[in-house]
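# Coordinate inspection notes
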Amino acid sequence: MWLLCKDPEAGFPCLECTDTGFGLVVSASQLRKAIQAKLSGGLYAGEVQTYSGTFLRMRETLAVSYRWQDTSQEVTSDMFINMSVWQLRALCDAISNSNAHYVWIDRISVPQLLHMRLKKELLSRMMAVYATSGWTVALRSCEPEGHR
């Protein structure tokens, strides 16, 4: 017998009331669609759902390490990722090749402006994020010659 139930969505306010786990993770398939829309010159009209990054959920998660860029890319009306176009393409490929159900990206998974206590706690767990995730991808930046 199979029992199917909807995966409950979460946000930062939820994490402050419960176990913070590893922050938030996002739906890998929805994020991939949003990135593909961005790369095609559009904006994804759907929602990219967020979930609590529990220990068990991290086994089905692609954790992303990357060098932050100066500018952010709008992938949905309320989600921005500070990656270059090259990094977005590489992330889209990594999602497609990993079979991950979720993606952990610090810009989305850790609060940036509010919830400072939560931010501090989650930043102290970043090593554990990469150790417990099912997949990890490290995206270098594509810099012009002599940029460093």
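Residues numbered from 1 in each chain as written. Predicted model: local features only at pLDDT ≥ 70, side-chain atom pairs only at ≥ 80, totals over all residues. Heavy atoms only, no water.

## Concerning the confidence of the model for the protein
Confidence in the prediction for the protein averages 80 pLDDT; 72% of positions are at 70 or higher. Within the protein, helix α1 (residues 12-17) has the poorest average pLDDT of any element, 56, and helix α2 (residues 28-39) the best, 95. (pLDDT = per-residue confidence, 0-100. Helix = DSSP H or I, 4+ residues; strand = E, 2+ residues; numbered from the N terminus.)

## Quick notes on the sheet that holds strand β6 (residues 102-105)
Hydrogen bonding along the main chain pairs the strands of a sheet, whether they run parallel or antiparallel. In space, the 5 strands of this open sheet follow the order β2-β1-β6-β3-β7, with mixed pairing throughout. Every other strand in the sheet has two partners, leaving β2 (50-52) and β7 (135-139) as the edge strands with one partner each. Ignoring strand direction, the axes of neighbouring strands in this sheet form an average angle of 35°. Pairing geometry for strand β3 (residues 61-66) and β6, over 4 bridges, is parallel. Across the sheet, Leu62 pairs through a bridge with Val103, a residue of β6. (Pairing = 2+ DSSP bridges. Axes fitted to C-alpha atoms, helices over the stretch in contact; angles between N-to-C directions.)

## So, the packing of aromatic side chains
According to the stated counting rule, one finds 2 aromatic pairs in the structure shown. Ring plane angle 75° and centroid distance 5.6 Å describe the contact between Tyr51 and Tyr102, whose orientation is recorded as edge-to-face. Here the residue Tyr51 occupies a position in strand β2, and Tyr102 occupies one in strand β6, the gap between them amounting to 51 residues. When the ring of Trp104 is compared with that of Tyr130, the centres are 5.9 Å apart and the planes differ by 80°; the resulting orientation is edge-to-face. Here the residue Trp104 occupies a position in strand β6, and Tyr130 occupies one in helix α7 (residues 126-132), the gap between them amounting to 26 residues. We classify Tyr130 as partly exposed; its relative accessible area is 24%. (Phe/Tyr/Trp six-rings, centres within 6.5 Å; stacked < 30°, edge-to-face > 60°. Buried < 20%, exposed > 50% of the residue type's maximum accessible area, 1.4 Å probe, protein only.)

## Concerning the pairing of strand β1 (residues 24-27)
In this sheet, β2 lies alongside β1 in antiparallel orientation, the contact comprising 3 bridges. Bridge pairing in β2 links Val25 to Tyr51. Note that β1 and β6 share 2 bridges and pair antiparallel. Bridge pairing links Ser27 to Tyr102 in β6.

## Considering the side chain of Gln49
Mapping Gln49 onto the fold places it in the loop between α2 and β2. Assessed through its relative accessible area of 15%, Gln49 is described here as buried. One polar contact links Gln49 to Tyr51, side chain to side chain, over a distance of 2.8 Å. (Polar contact = N/O pair within 3.5 Å; in protein donor to acceptor, adjacent residues only side chain to side chain.)

## As for the nonpolar core
Ranked by internal contacts, the top residues of the largest apolar core, which has 27 residues, are Leu31, Val64, Leu91 and Ile105. Breaking this core down by element, the ones donating at least two residues are α2, β3, β5 (79-81), α4 (85-98), β6 and β7. Here Ile105 is in contact with Leu31, Val64, Tyr66, Ile81 and Leu91, once residues within four sequence places are set aside. (Core = buried A, V, L, I, M, F, W, Y, C linked by side-chain atoms within 4.5 Å. Contact = heavy atoms within 4.5 Å.)

## Let's talk about the environment of Val129
You can see Val129 is positioned in helix α7. By relative accessible area, which is 1% here, Val129 ends up buried. Distance in space between the C-alpha atoms of Val129 and Gly21 is 9.4 Å, their sequence separation being 108 residues. Beyond its immediate sequence surroundings of up to four residues, Val129 is in contact with Phe22, Met58, Ala63 and Trp104.

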